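# Results of the structural survey
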Amino acid sequence: MVCGLERKPRLPRSKVTRVGDFRAFPIEQDYHRLVEGADAALGDMGGNWHLTLSDRVETGRSWELPVLTAHRALAHGAVLTGEVAEADVVLLATGAVDGALDPSGEARFVAQKLEHAAPLLARARADARVLLVLGTGGA
């Protein structure tokens, strides 16, 4: 889960860590490339960022669409929170993006991801909107 996303102009490159930790995740280089690509394509995300996640991401690309969506939400005035119980909108997303930042490939293991997310989603407020965003092929 994305718990924090802050612009960090003094960092030499964008970084990804777990809440309360300073050690970089293995996806950090790919995240930096995504931010550089997003900056070039969207024009409003420039600079380096610190992405804080609740859990470690080792491999795969299913983190790309949720992270890009978090960047876009922030660019449009959303306030991100690491607590589902505080959120007005809970966004559950999975999938990779291509060079144009469009969803690409197949959203994989959707049923397992929903099952894994069920306890987290159960903590959402009764009046919160829960949105599911899947990369292509996840229907």
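Notes on the structure follow.

Cut-offs used in this document
- Residues numbered from 1 in each chain as written.
- Predicted model: local features only at pLDDT ≥ 70, side-chain atom pairs only at ≥ 80, totals over all residues.
- Heavy atoms only, no water.
- Helix = DSSP H or I, 4+ residues; strand = E, 2+ residues; numbered from the N terminus.
- Patch = residues over 30% accessible without salt bridge, like charges linked within 9 Å, V, L, I, M, F, W, Y side chains within 5 Å.
- Areas by Shrake-Rupley, 256 points an atom, 1.4 Å probe, with all protein chains shown as cover.
- Salt bridge = Lys/Arg side-chain N within 4 Å of Asp/Glu carboxyl O.
- Pairing = 2+ DSSP bridges.
- Axes fitted to C-alpha atoms, helices over the stretch in contact; angles between N-to-C directions.
- Contact = heavy atoms within 4.5 Å.
- Buried < 20%, exposed > 50% of the residue type's maximum accessible area, 1.4 Å probe, protein only.
- 1 Å grid on protein atoms, 1.4 Å probe; cavity = no way out; pocket = protein on both sides within 12 Å on 5 of 7 lines; lining within 4 Å.
- Points joined across faces, edges and corners; volume = space filled by probe spheres on them.
- Nonpolar A, V, L, I, M, F, W, Y, C, P; charged D, E, K, R; others polar.

### Section: unusual backbone geometry
Here F109, not a glycine, exhibits a phi torsion of approximately 55°, which is positive. With respect to the helices, strands and loops of the structure, F109 is situated in the loop between strand 6 (103-104) and helix 3 (110-121).

### As for a nonpolar patch on the surface
Taken together, the side chains of V89, L91 and L131 define a hydrophobic patch exposed on the protein surface, amounting to about 220 Å² of accessible area. Assignment of secondary structure puts L131 in strand 7 (residues 129-134).

### What to know about the sheet that holds strand 3 (residues 49-53)
Taken together, the three strands give an open sheet; going across it, the order is 1-3-2, and neighbouring strands pair in mixed fashion. Every other strand in the sheet has two partners, leaving strand 1 (2-7) and strand 2 (15-18) as the edge strands with one partner each. Sheet twist, expressed as the average angle between the axes of neighbouring strands with direction ignored, equals 15°. The sheet contacts of helix 2 (residues 64-75) involve strand 1 and strand 3, and relative to strand 1 the element is tilted by about 55°.

### Considerations on the pattern of salt bridges
Evaluated as defined, the whole model comprises six salt bridges. One salt bridge in this structure joins D30 and R33, with 2.4 Å as the shortest N-O distance. With D30 and R33 both in helix 1 (residues 28-42) and three residues apart, this pair spans about one turn of that helix. We classify D30 as partly exposed; its relative accessible area is 35%. Counted as one network, the salt bridges with shared partners bring together D88, R125 and D127.

### Notes on the layout of surface pockets
Its volume calculated, the largest pocket comes out at about 1,300 Å³. If you trace the largest pocket, you find 43 residues lining it, with M1, V2, P66, L91 and L92 closest to the centre. Counting only elements with at least two residues in the lining of the largest pocket, the list comes to helix 2, strand 4 (89-94), helix 3 and strand 7. By residue number, the principal contributor to the lining of the largest pocket is helix 3, which donates eight residues. Considering only enclosed or pocket space, the second largest pocket measures out at about 210 Å³ in volume. Around the second largest pocket, the lining comprises 14 residues; the ones closest to its centre are R61, S62, E106, R108 and K113. In the lining of the second largest pocket, the residues fall into three nonpolar, seven polar and four charged.

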